[in-house]
Amino acid sequence: MLEEVTRVFDISVRPNATKVLVIISDKSSGLDTSSIKRAAKPLTSRRIHVIPVSVGDEIDPNELQQTTTDPNSSVHVPVDVTSRNLAGKIIVRVFKGRA
């Protein structure tokens, strides 16, 4: 799945634009951390900012953390989070350091 994402960013019509990928999950993938890191490496090499979002208690936030090199980009929320609250948390991560 992450391989397909890199292809989408590669064909971008705005090559100099900041690229951001938000990964939202509420279940663990069952993959080991090295597999996740290996799959995410092309994203890092293409300077794609990954924001992993874990929802609820059925996912280990550390699993999604393997998709990014920035430990401060992760978001963990309860399953009953409002979409407005979640969107706000994601937007803060997207624009962090850009102001």
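In case you missed it, the structure is sitting above this.
This section reports on the structure supplied with the text. Computed from a predicted structure; not experimentally measured.

1. Side note on the layout of surface pockets
For step 1, the next point in the chain: Looking at the largest pocket, its volume works out to about 290 Å³.
For step 2, the next point in the chain: If you go around the largest pocket, you meet 16 residues; those closest to its centre are Leu2, Ser29, Leu31, Ile36 and Thr67.
For step 3, the next point in the chain: Of all elements in the fold, only helix H1 (2–10), strand S1 (19–25), helix H2 (33–45) and helix H3 (61–65) reach the threshold of two or more residues within the lining of the largest pocket.
For step 4, the next point in the chain: Take the lining of the largest pocket: its biggest share by element is three residues, from H2.
For step 5, the next point in the chain: Its residues placed into classes, the lining of the largest pocket shows eight nonpolar, five polar and three charged.

2. Considering the environment of Lys41
For step 1, the next point in the chain: In this fold, Lys41 is placed in helix H2.
For step 2, the next point in the chain: Relative accessible area serves as the criterion here: at 60%, Lys41 is assigned to the exposed category.
For step 3, the next point in the chain: Spatially, the C-alpha atoms of Lys41 and Asn16 are 20 Å apart, while their sequence positions differ by 25 residues.

3. With respect to the pattern of salt bridges
For step 1, the next point in the chain: Evaluated as defined, the whole model comprises four salt bridges.
For step 2, the next point in the chain: A salt bridge links Glu58 to Lys27, with the shortest nitrogen-to-oxygen separation between them at 2.6 Å. Highlighted residues: Glu58 in the loop between strand S2 (48–55) and H3 and Lys27 in the loop between S1 and H2, separated in sequence by 31 residues.
For step 3, the next point in the chain: Glu58 sits in the exposed class, given a relative accessible area of 54%.
For step 4, the next point in the chain: You can call Lys27 partly exposed: its relative accessible area is 45%.
For step 5, the next point in the chain: Between Lys96 and Asp70 there is a salt bridge, with its nearest N and O atoms 2.6 Å apart. Residue Lys96 is located in the segment after helix H4 (83–95), and its partner Asp70 is located in the loop between H3 and strand S3 (75–77); the two are separated by 26 residues in the primary sequence.
For step 6, the next point in the chain: The exposure class assigned to Lys96 is partly exposed, which follows from its relative accessible area of 37%.

4. Describing H4
For step 1, the next point in the chain: The first and last C-alpha atoms of H4 sit 18 Å apart over 13 residues, in line with the 18 Å expected at 1.5 Å per residue.
For step 2, the next point in the chain: Among all positions in H4, only Leu86, Ile90 and Val94 are buried. Take H4 and look down its axis: the buried residues cluster within an arc of 75°, on one side only. Away from its buried face, by an angle of more than 90 degrees, H4 presents the exposed residues Arg84 and Val92.
For step 3, the next point in the chain: Buried-residue contacts for H4 involve S1, S2 and S3.

What counts as what
- Residues numbered from 1 in each chain as written.
- Predicted model: local features only at pLDDT ≥ 70, side-chain atom pairs only at ≥ 80, totals over all residues.
- Heavy atoms only, no water.
- 1 Å grid on protein atoms, 1.4 Å probe; cavity = no way out; pocket = protein on both sides within 12 Å on 5 of 7 lines; lining within 4 Å.
- Points joined across faces, edges and corners; volume = space filled by probe spheres on them.
- Helix = DSSP H or I, 4+ residues; strand = E, 2+ residues; numbered from the N terminus.
- Nonpolar A, V, L, I, M, F, W, Y, C, P; charged D, E, K, R; others polar.
- Buried < 20%, exposed > 50% of the residue type's maximum accessible area, 1.4 Å probe, protein only.
- Salt bridge = Lys/Arg side-chain N within 4 Å of Asp/Glu carboxyl O.
- Expected span 1.5 Å × (residues − 1).
- Arc of directions from axis to C-beta.
- Contact = heavy atoms within 4.5 Å.

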